[in-house]
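The primary structure of each chain is shown beneath.
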Amino acid sequence: MSFEETKARLEMAGQAHVLQFWSELSPDEKDTFLTELSQLEPEELKEHCRRAAEAANSQSTSEDLLDQRMEPVPPEFIGSVRKTDQRTLIGWENEGVLQISKSQVAVLLLAGGQGTRLGVPYPKGMYSVGLPSGKTLYQIQAERIQKVQQLADQKHGSKCTVPWYIMTSEFTLEPTERFFKENHFFGLNPSDVIMFEQRMIPAVSFDGKVILEKKGKLAMAPDGNGGLYQALVDNKALEDMEKRGVQYLHVYCVDNILVKMADPVFIGFCVQKDADCGAKVVDKAYPAEPVGVVCRVDGVHQVVEYSEIQPETAELRGPGGELLFSAGNICNHFFTRDFLKDIAENFCQQLKQHVALKKVPFVDKEGNQVKPTKPNGIKMEKFVFDVFQFSRKFVAFEVLREEEFSPLKNADGVPLDTPSTARRSLLAQHYRWALAAGGSFLNSDGEPIAPKHSLARDEDPPAVCEISPLVSYFGEGLESVVKQKALRSPLVLDGKMV
Ligand SMILES: CC(=O)N[C@H]1[C@@H](OP(=O)(O)O)O[C@H](CO)[C@@H](O)[C@@H]1O
């Protein structure tokens, strides 16, 4: 597209100010900037800027209303690992394993975020929390996929595949691709790891103008994890799923070290309940915990995000003293492919735009680079869970926090959701599994370490034991390896020992 054409389009959208430094750009910078600008549709851009400014100005009133319309999810829509008998749980697990063995289940990772809070310049999945094995989140997840495929194949004599769809963004695609290649896809078949990119959208000032990050670059950000639905369309991912015969998707966030990839119990529960949409939840740990709340608003299931709930609402308690809104969203969702198709075809454009006021670095009128100290820009994001309202049958599934949820959000130095807490959660889980399978531990001098069957949340297990996902997916199959054995801490139980 020519400069004149681009300029005319920007004028149509009321955004020609972004060209104010055009004459100062080098030929290369001009080329790059033109490419960026020509991707913006004038009508869409105009509407985006108008909506952003409008939403930022009307934010508080609509939030207030939401709180008053919230009610907890009725018990009949919730399945619970804690409250369900073993036989039923095994029934769900068997159902899930069967679906996996038929290659009908895929996992889909939301990994387009920038990990601002963790503060690393690379994708979060490449982070290593300091386990004895040194494994990164991506490696742990890849190995869990391998293991769950193997469990299904052993049980059903199949040769199944659990494809791994990975939604990245402009920030994360290239480094993620490189990392997977360098690591030989952690043993997975490269053609079963499908990476695609979500869209980026411009940050907008409070008066509805696109922000210039540099003289020849707009301030762009991914369109939120709800950009998934548009990205599925843009990248023909649903067609790929159809070709592979995928019926069920387990969608999850990259940062939870305990994530159960394609969790057979969750899949089986949702399938047996004939749900088209499901969400895993844990009991919220404390009222201000930064997790969304799965609830109903005006009788329709939805998540109210932690950034949008009023503190008074989060603190409400029921008759027994328990939190009224206790169903914490752990960003693990179940969708049927048909449901995703329905969203992509019919509801993609209707998803709510969430407004975040952020400090967006920019160039001022004189061309100086400015790092603002208070919010100056509006970022609009879509949320992955905002499709719940369109489901025919929604279910929530309550799981145990210590087995399934320990997110990596912050750098070390704060008490919660850090590399240290993630590492501790995983090692505590593996220690529990080893004890339950009949193992015991010795310290480095060969002296017995007294077993501890219950650990406080912030307590390190008395012995260090890391179990490779290639050895055990949810604690199964460990007796033959550890029973009546004295295991020397620190221990990494990998394929070689089995
Ligand atoms: C838009 C979205 O998916 N938000 C999720 C997501 O929060 P982030 O702070 O965006 O990582 O993960 C949380 C669980 O870790 C979940 O509680 C929350 O609702």
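Note that the structure is predicted; figures quoted are calculated from it, not measured.

### A word on the overall build of the protein chain
Here is step 1: A count of helices and strands for the protein chain gives 14 helices and 25 strands.
Here is step 2: Taking 2.2 N^0.38 as the reference for a compact globule, 498 residues should give roughly 23 Å; the C-alpha atoms of the protein chain span a radius of gyration of 24 Å, in line with that estimate.
Here is step 3: Projected onto its principal axes, the C-alpha coordinates of the protein chain cover approximately 75 × 50 × 45 Å.
Here is step 4: Residue burial in the protein chain is summarised as follows: out of 498 residues, 55% are buried.
Here is step 5: Within the protein chain, contacts between residues separated by at least 24 positions form 77% of all contacts whose residues are at least 6 apart in sequence.
Here is step 6: For the protein chain, the accessible surface area stands at approximately 22600 Å², while carbon and sulfur atoms represent 50% of it.
Here is step 7: Charged side chains of the protein chain number 57 positive and 70 negative; the gap between the two group centres comes to 3 Å.

### Some remarks on the environment of S391
Here is step 1: Looking at the element boundaries, S391 is found in the loop between β19 (377–381) and β20 (394–398).
Here is step 2: Between the C-alpha atoms of S391 and D276, which are 115 residues apart in sequence, the distance is 6.4 Å.
Here is step 3: Apart from residues lying up to four places away in sequence, S391 is in contact with D276, C277 and F339.
Here is step 4: There is a polar contact of 3.0 Å between the side chain of S391 and the backbone oxygen of F388.

### Observations concerning empty space enclosed by the protein
Here is step 1: Summed over the entire model, instances satisfying the criterion amount to 1 cavity of 30 Å³ or more.
Here is step 2: Lining the largest cavity, in full, are T6, R9, L10, L37, L40, E41, P42 and L45.
Here is step 3: Of all the secondary-structure elements, those providing two or more residues to the lining of the largest cavity are α1 (3–12) and α3 (42–68).
Here is step 4: The leading source of residues in the lining of the largest cavity is α1, at 3 residues.

### Quick notes on the packing of helix α8 (residues 237–244) against helix α11 (residues 337–347)
For any two helices packed against each other, the geometry comes down to the angle between their axes and how far apart the axes lie.
Here is step 1: Their axes nearest at 11 Å, the elements α8 and α11 cross at an angle of 155°. Viewed along their axes, α8 and α11 adopt a mutual orientation that is roughly antiparallel. In the crossing of α8 with α11, the sense of the turn from one axis to the other is left-handed. Counting all contacts with α8, which are made through L238, M241 and E242, the residues of α11 involved are R337, L340, K341 and A344.
Here is step 2: Per-class residue counts for the contact of α8 with α11 are 4 nonpolar, no polar and 3 charged.

### Brief notes about the pairing of β20
Here is step 1: Burial runs high along β20: 5 of the 5 residues are buried.
Here is step 2: Covered by surrounding structure in β20 are F394, A396 and E398 together with V395 and F397, the residues of both alternating faces.
Here is step 3: Judged from the 3 bridges that link them, strand β2 (residues 78–80) and β20 form a sheet pairing that is parallel. If you follow S80 over to β20, its bridge partner there is E398.
Here is step 4: The pairing of strand β12 (residues 277–283) with β20 spans 5 bridges and is classified as parallel. Along β20, the bridge assignment pairs G278 with V395.

### Overview of the packing of aromatic side chains
Here is step 1: Scanning the model with the defined rule gives 20 aromatic pairs in all.
Here is step 2: Each ring, one from W92 and one from F269, has its centre 4.7 Å from the other, and the planes form 75°; the classification is edge-to-face. Separated by 177 residues along the polypeptide, W92 in helix α4 (residues 86–101) and F269 in helix α9 (residues 264–272) bring together distant segments of the chain. For the pair shown, W92 and F269 are each scored as buried.
Here is step 3: With 6.3 Å between their ring centres and 75° between their planes, F266 and F334 make a pair best called edge-to-face.

### As for the domain arrangement of the protein chain
Here is step 1: When the domains of the protein chain are assigned, the result is domain 1 (3–58), domain 2 (69–403) and domain 3 (430–493).
Here is step 2: Centre-to-centre separation of domain 2 and domain 3, based on C-alpha positions: 31 Å.
Here is step 3: Every contact between the two is made by 22 residues of domain 2 and, on the other side, 14 residues of domain 3.
Here is step 4: In this assembly, domain 2 packs against domain 3 so that about 1400 Å² is buried in total across both faces, 61% of it on carbon and sulfur atoms.
Here is step 5: Between R432 and E403 there is a salt bridge; the shortest N-O distance is 3.1 Å.
Here is step 6: Linking domain 2 to domain 3 there are 7 residue pairs in polar contact (both at pLDDT 80 or more).

### So, the nonpolar core
In globular proteins that are soluble, nonpolar side chains generally tend to be buried together.
Here is step 1: Judged by nonpolar contacts, the single largest core of 49 residues is most densely connected at Y138, W164 and F180.
Here is step 2: Counting residues per element, this core draws most heavily on α9, at 6 residues.
Here is step 3: Discounting residues that sit within four places of it in the chain, F180 has contacts with Y138, W164, I166, F185, F186, V193 and M195.
Here is step 4: Core analysis: the next-biggest nonpolar cluster, separate from the first, contains 42 residues, V73, Y229, V251 and V294 among them.

### Some words on the packing of α4 against α9
Here is step 1: Close contact between α4 and α9 brings their axes to 6 Å; oriented N to C, the two are set at 95°. By the angle between their directions, the pair α4 and α9 is classed as roughly perpendicular. Taken together, the residues of α9 that come into contact with α4 (itself represented by L89, G91, W92, E93, E95, G96, V97, Q99 and I100) are P264, V265, I267, G268, F269, V271 and Q272.
Here is step 2: When its residues are assigned to classes, the contact of α4 with α9 shows 9 nonpolar, 5 polar and 2 charged.

Definitions and cut-offs
Residues numbered from 1 in each chain as written. Predicted model: local features only at pLDDT ≥ 70, side-chain atom pairs only at ≥ 80, totals over all residues. Heavy atoms only, no water. Helix = DSSP H or I, 4+ residues; strand = E, 2+ residues; numbered from the N terminus. Rg over C-alpha atoms; globule rule 2.2 N^0.38 Å. Buried < 20%, exposed > 50% of the residue type's maximum accessible area, 1.4 Å probe, protein only. Contact = heavy atoms within 4.5 Å. Areas by Shrake-Rupley, 256 points an atom, 1.4 Å probe, with all protein chains shown as cover. Lys, Arg positive; Asp, Glu negative; His and termini not counted. Charge placed at Lys NZ, Arg CZ, Asp CG, Glu CD. Polar contact = N/O pair within 3.5 Å; in protein donor to acceptor, adjacent residues only side chain to side chain. 1 Å grid on protein atoms, 1.4 Å probe; cavity = no way out; pocket = protein on both sides within 12 Å on 5 of 7 lines; lining within 4 Å. Points joined across faces, edges and corners; volume = space filled by probe spheres on them. Axes fitted to C-alpha atoms, helices over the stretch in contact; angles between N-to-C directions. Parallel < 35°, antiparallel > 145°, perpendicular 65-115°, else oblique. Left-handed = near helix turned anticlockwise from the far one by under 90°. Nonpolar A, V, L, I, M, F, W, Y, C, P; charged D, E, K, R; others polar. Pairing = 2+ DSSP bridges. Phe/Tyr/Trp six-rings, centres within 6.5 Å; stacked < 30°, edge-to-face > 60°. Domains from an automatic or database assignment. Buried area = accessible area lost by both parts, 1.4 Å probe. Salt bridge = Lys/Arg side-chain N within 4 Å of Asp/Glu carboxyl O. Core = buried A, V, L, I, M, F, W, Y, C linked by side-chain atoms within 4.5 Å.

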